[in-house]
Amino acid sequence: QKEVEQDPGPLSVPEGAIVSLNCTYSNSAFQYFMWYRQYSRKGPELLMYTYSSGNKEDGRFTAQVDKSSKYISLFIRDSQPSDSATYLCAMSVSGTYKYIFGTGTRLKVLA
Amino acid sequence: SAVISQKPSRDICQRGTSLTIQCQVDSQVTMMFWYRQQPGQSLTLIATANQGSEATYESGFVIDKFPISRPNLTFSTLTVSNMSPEDSSIYLCSVDPGGRGNTIYFGEGSWLTVV
């Protein structure tokens, strides 16, 4: 079993839709959770990171962590064609400097 | 956060040659990391490079193939040696500016195609 599982997609949604992207993990020691956006042939861009269970909001993006279920989500409201990219989740244990990445979900927002 | 510049951004390389990728950060950082992302795959850590010490390589990666330099707190290089088509990937430099292991930032990446 992989430490981090992420549905590869592709996920196609109409412009303006609410998008839900998800990752599950097996290592209960993970403490930090990150979401990255990656455009084709570019480096990943950090969107959000969270530490505790619960929600964290930043503009149209909301990151949600449920440590009891070992499940994290990224919600995108009012999705735009410019949101079309691959979204990667990542996790780490504090102080280890080991980051485990999901395989990424390809998102396409249709105009 | 951190601003990370990588050179080259992309290159087409001949089989058997070597290429050095440069990574420049806009602030001093202790931890720098080199990742590889093969087409359609997620990120794989090649090595961790700390200033003043030898790089630490992950399983499956060796110094002879991927020598790394870290001469100061803002700069690092990764060389991909004796390239084969299997080395065609995006190579990414990343840093943990806070040094707490809770977030890392990536450069734009170096897209290498080996022919």
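Definitions and cut-offs
- Chains are numbered independently. Their residues run from 1 in the order of the written sequence.
- Note on labels: chains are lettered from A, ligands numbered from 1, in written order.
- Per-residue local features are limited, in this predicted model, to residues with pLDDT of at least 70; the limit for side-chain atom pairs, both in listing and counting, is 80 or more; totals at the level of whole chains, interfaces and linings are taken over all residues.
- The basis for every side-chain value is the complete set of non-hydrogen atoms in the structure, without hydrogens or water.
- By the criteria applied, helices consist of DSSP H or I runs no shorter than four residues and strands consist of E runs no shorter than two, each listed in order from the N terminus.
- The globule rule used here is 2.2 Å times the number of residues to the 0.38 power, and the radius of gyration it is set against is calculated over C-alpha atoms.
- Whether a residue is buried, partly exposed or exposed follows from its accessible area with a 1.4 Å probe, protein chains only, as a fraction of its type maximum: under 20%, in between, or over 50%, in that order.
- Throughout, a residue-residue contact means that at least one pair of heavy atoms, one from each residue, lies within 4.5 Å.
- Each accessible area is a Shrake-Rupley result for a 1.4 Å probe, and residues are judged covered by the shown protein chains and nothing else.
- All tallies of charge rest on Lys and Arg as positive and Asp and Glu as negative; His and the ends of each chain are not included.
- Every charge is mapped to an atom, namely NZ of Lys, CZ of Arg, CG of Asp or CD of Glu.
- A simple way to read buried area is as the amount of 1.4 Å-probe accessible surface that goes missing from two parts once joined, with both sides added.
- Whenever Lys or Arg places a side-chain nitrogen within 4 Å of a carboxyl oxygen from Asp or Glu, that contact is recorded as a salt bridge.
- The definition of a polar contact used here is a pair of N or O atoms within 3.5 Å, where within protein one atom must be able to donate a hydrogen and the other to accept one, and adjacent residues in sequence count solely through side-chain atom pairs.
- All residues other than Ala, Val, Leu, Ile, Met, Phe, Trp, Tyr, Cys, Pro, Asp, Glu, Lys and Arg, Gly among them, are scored as polar; the first ten of these are nonpolar and the last four charged.
- Counting rule for disulfides: a pair of cysteine sulfur atoms within 2.5 Å.

## Re the overall build of chain B
So, point 1. Within chain B, the secondary structure is distributed over zero helices and eleven strands.
So, point 2. Counting from the amino terminus, chain B carries its helices and strands in the arrangement β-β-β-β-β-β-β-β-β-β-β.
So, point 3. Taking 13 Å as the expected radius of gyration for a compact globule of 115 residues, we find that chain B reaches 13 Å, a close match to that expectation.
So, point 4. Expressed as lengths along the three principal axes of its C-alpha atoms, the size of chain B is roughly 40 × 25 × 20 Å.
So, point 5. For chain B, buried positions account for 53% of its 115 residues.
So, point 6. Residue pairs in contact within chain B that sit at least 24 positions apart in sequence constitute 52% of those at least 6 positions apart.
So, point 7. Counting every atom, chain B has about 5,200 Å² of accessible surface; 47% of that belongs to carbon and sulfur.
So, point 8. Distance between charge centres in chain B, computed from 7 positive and 9 negative side chains, equals 4 Å.

## Let's talk about the interface of chain A and chain B
So, point 1. Listed as interface residues are 21 residues of chain A and, on the opposing side, 23 residues of chain B.
So, point 2. For the pair chain A and chain B, the summed buried area comes to about 1,900 Å², and 56% of that belongs to carbon and sulfur atoms.
So, point 3. On the chain A side of the interface with chain B, the three residues burying the most area are Arg41, Tyr97 and Tyr99 of chain A, jointly 35% of the side's total.
So, point 4. The interface formed by chain A and chain B holds two salt bridges in total.
So, point 5. Here Lys98 of chain A and Glu58 of chain B are joined by a salt bridge, their closest N and O atoms 2.7 Å apart.
So, point 6. Viewed at the interface, chain B and chain A are joined by seven residue pairs in polar contact (both at pLDDT 80 or more).
So, point 7. Among the secondary structure elements, those contributing two or more residues to the side of chain A that touches chain B are strand 4 (32-38), strand 5 (45-50), strand 9 (85-92) and strand 10 (99-101) of chain A.
So, point 8. For the side of chain A that touches chain B, the element with the highest residue contribution is strand 4 of chain A, accounting for four residues.
So, point 9. When its residues are assigned to classes, the side of chain A that touches chain B shows eleven nonpolar, seven polar and three charged.

## Some words on the state of the cysteines
Note on terminology: a disulfide is the covalent bond linking the sulfur atoms of two cysteines.
So, point 1. Summed over the entire model, instances satisfying the criterion amount to two disulfides over all chains.
So, point 2. Paired by a disulfide, Cys23 of chain A and Cys89 of chain A hold their sulfur atoms 2.0 Å apart. Its S-S torsion of approximately -100° makes the covalent link between Cys23 of chain A and Cys89 of chain A left-handed. Of the two residues, Cys23 of chain A sits in strand 3 (residues 19-25) while Cys89 of chain A sits in strand 9, which places them 66 residues apart along the sequence.
So, point 3. Of the residues examined, Cys89 of chain A reaches a relative accessible area of 0% and is grouped as buried.
So, point 4. Paired through a disulfide, Cys23 of chain B and Cys93 of chain B show a sulfur-sulfur distance of 1.9 Å.

## Comments concerning the environment of Ser42 of chain B
So, point 1. Tracing the backbone through its elements, the reader meets Ser42 of chain B in the loop between strand 4 (31-37) and strand 5 (44-50).
So, point 2. Sequence separation between Ser42 of chain B and Gly101 of chain B is 59 residues, and the spatial gap between their C-alpha atoms is 19 Å.
So, point 3. Those residues in contact with Ser42 of chain B that sit more than four places away from it in its chain are Leu88, Phe101, Gly102 and Thr103 of chain A together with Arg36 and Gln37 of chain B.
So, point 4. Polar side-chain contacts of Ser42 of chain B include one of 2.5 Å to the backbone oxygen of Gly102 of chain A.

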